[in-house]
Amino acid sequence: MTQQQSAPTDITTLARDLLPEVHDPAKVVTGGAVLLVDTRTHEVVDTNPVGARMVGGLELPTSLGAWCAAAGLSVRDADISAERALAAAVDGSSGVAVLSARQNAPDDLWAVGVPLAGAPGTLANRALVVMLPGTGLQESHPPSEFDGLQRRAAVASHLSFTISDPSLPDDPLIWVNPAFCEVTGYTTDDVLGTNCRFLQGEGTDRQTVARIRAALDAGQAVGETLLNYRKDGTPFWNQVVVSPIHDDEGKVTHHVGIQTDVTERVHHDRRQALELDAANRQTESLRRLASITQALVDLFDEESGAAALPALVAPHYGSWCAVLLVDEHGAPRIVHGASRDPERADDIAVLERSHRWIRESPTVLRVLTTGTEEISEPFPVDIDSLPRRTGAEELAALRRLGLGSAMVVPLRGREGDIGVLIVVSRDGDVATAFPPSDVHDIVALGARAGLALDNARLYRREQQTALTLQHSMLPEIVEAPGLDCAALYEPASAGADVGGDWYDVVPLPDGRVAISVGDVVGHDIRAAASMGQLRSVLRSEAWAGLSPSAVIAGVDDLVRGLQMADMTTCVFAVVDPPDDGGNRRVTYTRAGHHAPLLMHSHHDVERLDEALTTPIGAPLLTGDVPEASTVLHPGDSLVLFTDGLIERRDRPLRTQLENLLTCVEEVDPDLEAEASRDAIVEACADGTQEDDTCILVVRNIPVPSSGEADTEILGPHENRTGSRRGSGQSCRDSHQD
Ligand SMILES: Cc1cc2nc3c(=O)[nH]c(=O)nc-3n(C[C@H](O)[C@H](O)[C@H](O)COP(=O)(O)O)c2cc1C
């Protein structure tokens, strides 16, 4: 930095160190430049490092005019030179000027003149010019203070200056400016000769004070904001910057302090911090609620939802929690619990087994019968407040889990409460156990979880209905002489919807047998119902003795005319009676459906991929509906199937079709239809089935050698009864005979 050339006074180095470059954006005076100006000659005699940088190597002392020119300063809103504005500030006639700096400073600079009149020694003929970025000052004062020069002067007057003498015992103040007296309410007589700590009081942070002491003891500048008290006892937030002033030998001769009342800003910042904190907490709580609800929605049934809910809630609220579900008559059905402490899993298991503590709780009963809002308030709970008939084992578990405060919220379904959620905290202080934000969350959770569980319940009910409907519409396969038929319908998974797949075998009056497999687009009751209608139409068209192409064309007409179903794909085939050699002609049409497979008795597998037309219900692209025919030799089997058997989201259809061909090739052609069906399904099942599976295997029973005919033809049907595979959700049924 530029050094003053003339002999230093005892304190002429003052400005150099006055404002430290405390790089903390919260500090108003950060980056301020300080000039020490001779009030008689208007010469700049010294500057601090920031000031020196503004004029880049300019020799001192120099005139105010030269300094302003070197710094590129002009006056923002008055028609005078920067030099005159600063001179007025130095003389104390304006107090403040607002300047624009051409370089090195992005913001307006506020130049505050502080005549050191009354200061000891040569300082009396000096004035400080403190230049501060205007934005810093504006942040610490309400905007209303910024409309006019007088206002600005008023703001500037908030900056108070103090000088202390560390060579005297306890570093007492030896000079203060009028702003200091104005801000603190003390007179100069009150304060001179006293250490400035008299401004501190009960609320002053001792760690902040310790930091100031440590910096001053180390001879360093320090900037801190701390709570001070005026003479009348009112507190204010004081932003203090204290800089040591060194003599030529480097000894600290004085301390200069600059105080700014930043109460408004601190309060504003705190309010903002509080608001931000509240907003963050709210976002966090919404996110948590959403993730808990989503986790419940992802579970397709109410039972697993009820089991999952406590585990989702326990980590966030209270010490442990439980869910009680009731049936449609309000009778307790099931209890699930979870504890934040994983060690207490056994106690939770006890409470899940024995329910008296929750079933007979008056609060729970009140919530269930009235759904009262008021019960959502947390309340104290102890062993004595438990239902009288609570079992000894339950009591012991409850003691170990801990009681203190609790909340009971209804789990609201569409048509009433479907249960309650109980959250218990070991903390006996209701207010700390359940702060208002938690109370709000838990009530909201009750509502959201209730709906999610209710949805799962409805979903399960609807799925069950659709499944029942579909099963009731899937035919028992009637006996078709000389043909061995086995079919299977299997829904994709427990969580998936019911589809509109079907299979059918219909012996026709003229001795032929109609067979079909198809799939109505959609996965709901509507698809299942459409499937039922469509299959009936297909049957009646077939019964009329029409050819497969005519049947498909007729069904398509009806479906579109009556708007019976959305898009449907199917294979429809008619198997003729056997000729003398037992061979049967098969005529077929495919309406947008996968090609059936023909398993020859000599191990070859053929794809019947001709006679393709558009799906039923879609506009006909090709004009006439085609049909094709082939021969089913004795021992040959037809395999008709729907998407679910082969389609996998992550694998190309072509690969899957090839896989199927390979699987079918490996099936022993001598197997009966049912065994073939099982072998194919087994080979294709890889646990990733995404759609319902429907498969129909029709085998042309080989002509028996003499004497065996009757048993051979009837035999296969006898051991096909009771071949229901799987159970429960999978509902994998086979129907024969
Ligand atoms: C020039 C100067 C001005 C000071 N101004 C203040 C002030 O406005 N408010 C305050 O709390 N402390 C102020 N201090 C700090 C205290 O005077 C004192 O240094 C601080 O409390 C640490 O010392 P202690 O632990 O001995 O009290 C100032 C110090 C000096 C040297």
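The chain is annotated in an unreviewed UniProt entry as SpoIIE family protein phosphatase from Isoptericola sediminis.

Q: What should I look at first to understand the overall build of the chain in this one?
A: Along the chain, the regular secondary structure elements total 22 helices and 28 strands. The buried share of the chain, taken over its 737 residues, is 51%. A total of about 32,600 Å² of accessible surface is found on the chain, and carbon and sulfur atoms cover 52% of it.

Q: Where do I start with the nonpolar core in this structure?
A: Most often, soluble globular proteins keep nonpolar side chains buried together rather than apart. Within the largest apolar cluster, 28 residues are counted, with the highest numbers of intra-cluster contacts made by Leu-309, Leu-411, Leu-421, Val-423 and Ile-442. The leading source of residues in this core is helix H17 (residues 436-473), at seven residues. Leaving out residues up to four positions away in the same chain, Leu-309 has contacts with Ile-292, Leu-296, Val-323, Leu-411, Leu-421 and Ala-449. Counting 26 residues, the second largest nonpolar core, distinct from the first, contains Tyr-489, Val-505, Val-586 and Ala-611.

Q: Got a minute to help me understand helix H12 (residues 345-353) in this structure?
A: Working note: α-helix, 3.6 residues per turn, so residues spaced by three or four point in the same direction. Within H12, burial applies to Asp-347, Ile-348, Val-350 and Leu-351. Projected onto a plane normal to the axis of H12, the buried residues spread over an arc of 155° and lie on a single side. The exposed residues of H12 that point more than 90 degrees off its buried face are Asp-346 and Arg-353. Along its buried surface, H12 packs onto strand S13 (320-326), strand S14 (332-339), helix H13 (356-359) and helix H15 (392-401).

Q: Sorry if this is basic, but what is going on with the environment of Met-531 here?
A: In this fold, Met-531 is placed in helix H18 (residues 525-543). Distance from Met-531 to Asp-501, taken between C-alpha atoms, is 7.0 Å for residues 30 residues apart in sequence.

Q: What is the right way to look at the pairing of strand S26 (residues 628-632) in this model?
A: Regular strands place their side chains on alternate faces of the sheet. Because side chains alternate across S26, one face comprises the buried residues Ala-628, Thr-630 and Leu-632, and the other comprises Ser-629 and Val-631, none of which is buried. As defined by bridge partners, strand S22 (residues 584-591) adjoins S26 across five bridges and the pair is classed as antiparallel. Directly across from Arg-584, in S26, lies its bridge partner Leu-632.

Q: Explain the pattern of salt bridges here, please?
A: Side-chain pairing between opposite charges can occur once the charged atoms of the two side chains come close. One pass over the full model with this rule turns up 21 salt bridges. One salt-bridge network, in which partners are shared between bridges, spans Glu-284, Arg-287, Arg-288 and Asp-441.

Q: Mind showing me how you'd approach the sheet that holds strand S15 (residues 379-380) here?
A: Hydrogen bonds between backbone groups are what pair the strands of a sheet, and the pairing can be parallel or antiparallel. Within the open sheet, the five strands sit side by side as S14-S13-S17-S16-S15. Their pairing is antiparallel. Every interior strand has two partners, whereas the edge strands, S14 and S15, have only one. As defined by bridge partners, S13 adjoins strand S17 (residues 416-425) across six bridges and the pair is classed as antiparallel. Bridging across to S17, Leu-324 finds its partner in Val-420. Against the sheet, helix H11 (residues 302-313) makes contact with S13, S14, strand S16 (405-413) and S17, and its axis sits at roughly 30° relative to S14, the strand it touches most. Across the sheet, helix H14 (residues 362-370) is in contact with S13, S15, S16 and S17; its angle to S17 comes to roughly 150°.

Q: I tried to follow the site of the ligand on my own but got confused; where do I start?
A: Around the ligand lies a shell of 20 residues, among which Asn-195, Arg-197, Gln-200, Arg-213 and Asn-228 are the nearest. A distance of 2.7 Å is found between an oxygen atom of the ligand and a side-chain nitrogen or oxygen belonging to Arg-197. Within the side chain of Asn-238, one N or O atom sits 3.0 Å away from an oxygen atom of the ligand. When the ligand sits alone it has 620 Å² of accessible area, and the protein chains cover 93% of it.

Q: What should I look at first to understand the packing of H12 against H15 in this one?
A: Packed helices, taken two at a time, are described by the angle between their axes plus the distance between the axes. Where H12 contacts H15, the two axes come as close as 9 Å, and the packing angle between them is 140°. Classified by the angle between their axes, H12 and H15 sit oblique to one another. In terms of crossing hand, the pair formed by H12 and H15 is left-handed. For the pair H12 and H15, contact is made by Asp-347, Ile-348, Val-350, Leu-351 and Arg-353 and by Glu-393, Glu-394, Ala-397, Leu-398, Arg-400 and Leu-401, respectively. Taken together, the residues of the contact of H12 with H15 sort by class into six nonpolar, no polar and five charged.

Q: Explain the packing of helix H3 (residues 64-71) against helix H4 (residues 82-91) to me, please; I cannot follow it from the model alone.
A: Contact geometry for H3 and H4: axes closest at 9 Å, N-to-C directions at 125°. Judged by the inter-axis angle, H3 sits oblique to H4. Of the two elements, H3 crosses H4, and the hand of that crossing is right-handed. Every residue of H4 that contacts H3 at Leu-64, Gly-65 and Cys-68 is listed here: Ala-82, Glu-83, Leu-86 and Ala-87.

Q: It is not clear to me how the sheet that holds strand S23 (residues 597-599) should be interpreted in this structure. Could you clarify?
A: Spatial ordering of the open sheet is given by S18-S28-S27-S23-S24, a layout of five strands whose pairing is antiparallel. This sheet does not close on itself; its edge strands, each paired only once, are strand S18 (483-490) and strand S24 (605-607). Across the sheet, the axes of successive neighbouring strands diverge by a mean angle of 15°, strand direction being ignored. Sheet analysis places strand S27 (residues 637-641) next to strand S28 (residues 693-700), joined by five bridges and oriented antiparallel. Bridge assignment links Leu-638 to a residue of S28, and that residue is Val-698. Each of S18, S23, S27 and S28 touches helix H21 (residues 673-684); the most contacted strand, S18, lies at about 35° to it.

Q: Please explain unusual backbone geometry as it appears in this structure.
A: Peptide bonds are mostly trans, and most non-glycine residues show a negative phi. Residue Pro-61 follows Leu-60 across a cis peptide bond; omega there is -5°. With respect to the secondary-structure elements, Pro-61 resides in the loop between helix H2 (49-55) and strand S3 (62-63). Even without being glycine, Asp-170 reaches a positive phi, approximately 65°.

Q: I tried to follow the confidence of the model for the chain on my own but got confused; where do I start?
A: Any segment with low pLDDT has predicted coordinates that should not be analysed in fine detail. Per-residue confidence for the chain gives a mean pLDDT of 78, with 77% of residues at or over 70. When pLDDT is averaged over each element of the chain, S22 comes out on top at 96 and helix H22 (residues 709-718) at the bottom at 34. Confidence drops under a pLDDT of 50 for residues 135-154, and excluding neighbours within four residues, the segment shows 34 contacts in the predicted structure. Confidence over residues 707-737 falls short of pLDDT 50; this stretch has 69 contacts with residues more than four positions distant or in other chains.

Q: What am I meant to see in H3 here?
A: Looking only at H3, the buried set comprises Leu-64, Gly-65, Trp-67, Cys-68 and Ala-71. Mapping the buried residues of H3 onto a view down its axis gives an arc of 165°, with all of them on the same face. Gly-72 sits one or two positions beyond H3 and adopts a positive phi of about 70°.

Q: What am I meant to see in the side chain of Asp-38 here?
A: Its place among the elements puts Asp-38 in strand S1 (residues 33-38). For Asp-38, a relative accessible area of 7% gives the class buried. Excluding residues that lie within four positions of it along the chain, Asp-38 makes contacts with Glu-43, Val-45, Asn-125 and Arg-126.

Q: When you look at a negative patch on the surface in this model, what are you seeing that I'm missing?
A: Side chains of Asp-604, Glu-606, Glu-610, Glu-665 and Glu-666 sit close together on the surface and give a patch of like negative charge. Among the structural elements, Glu-610 can be located in the loop between S24 and strand S25 (612-613). With a relative accessible area of 51%, Glu-610 lands in the exposed category.

Q: I'm lost on the environment of Pro-548 in this one. Help?
A: Along the chain, the position of Pro-548 falls in helix H19 (residues 548-562). Assessed through its relative accessible area of 2%, Pro-548 is described here as buried. Distance from Pro-548 to Val-574, taken between C-alpha atoms, is 6.7 Å for residues 26 residues apart in sequence. Every residue in contact with Pro-548, bar those within four places of it in the chain, is listed here: Phe-572, Val-574, Thr-587, Tyr-588, Thr-589 and Glu-627.

Rules behind the numbers
- Residues numbered from 1 in each chain as written.
- Predicted model: local features only at pLDDT ≥ 70, side-chain atom pairs only at ≥ 80, totals over all residues.
- Heavy atoms only, no water.
- Helix = DSSP H or I, 4+ residues; strand = E, 2+ residues; numbered from the N terminus.
- Buried < 20%, exposed > 50% of the residue type's maximum accessible area, 1.4 Å probe, protein only.
- Areas by Shrake-Rupley, 256 points an atom, 1.4 Å probe, with all protein chains shown as cover.
- Core = buried A, V, L, I, M, F, W, Y, C linked by side-chain atoms within 4.5 Å.
- Contact = heavy atoms within 4.5 Å.
- Arc of directions from axis to C-beta.
- Pairing = 2+ DSSP bridges.
- Salt bridge = Lys/Arg side-chain N within 4 Å of Asp/Glu carboxyl O.
- Axes fitted to C-alpha atoms, helices over the stretch in contact; angles between N-to-C directions.
- Near = heavy atom within 4 Å.
- Polar contact = N/O pair within 3.5 Å; in protein donor to acceptor, adjacent residues only side chain to side chain.
- Parallel < 35°, antiparallel > 145°, perpendicular 65-115°, else oblique.
- Left-handed = near helix turned anticlockwise from the far one by under 90°.
- Nonpolar A, V, L, I, M, F, W, Y, C, P; charged D, E, K, R; others polar.
- pLDDT = per-residue confidence, 0-100.
- Patch = residues over 30% accessible without salt bridge, like charges linked within 9 Å, V, L, I, M, F, W, Y side chains within 5 Å.
- Lys, Arg positive; Asp, Glu negative; His and termini not counted.
- Charge placed at Lys NZ, Arg CZ, Asp CG, Glu CD.

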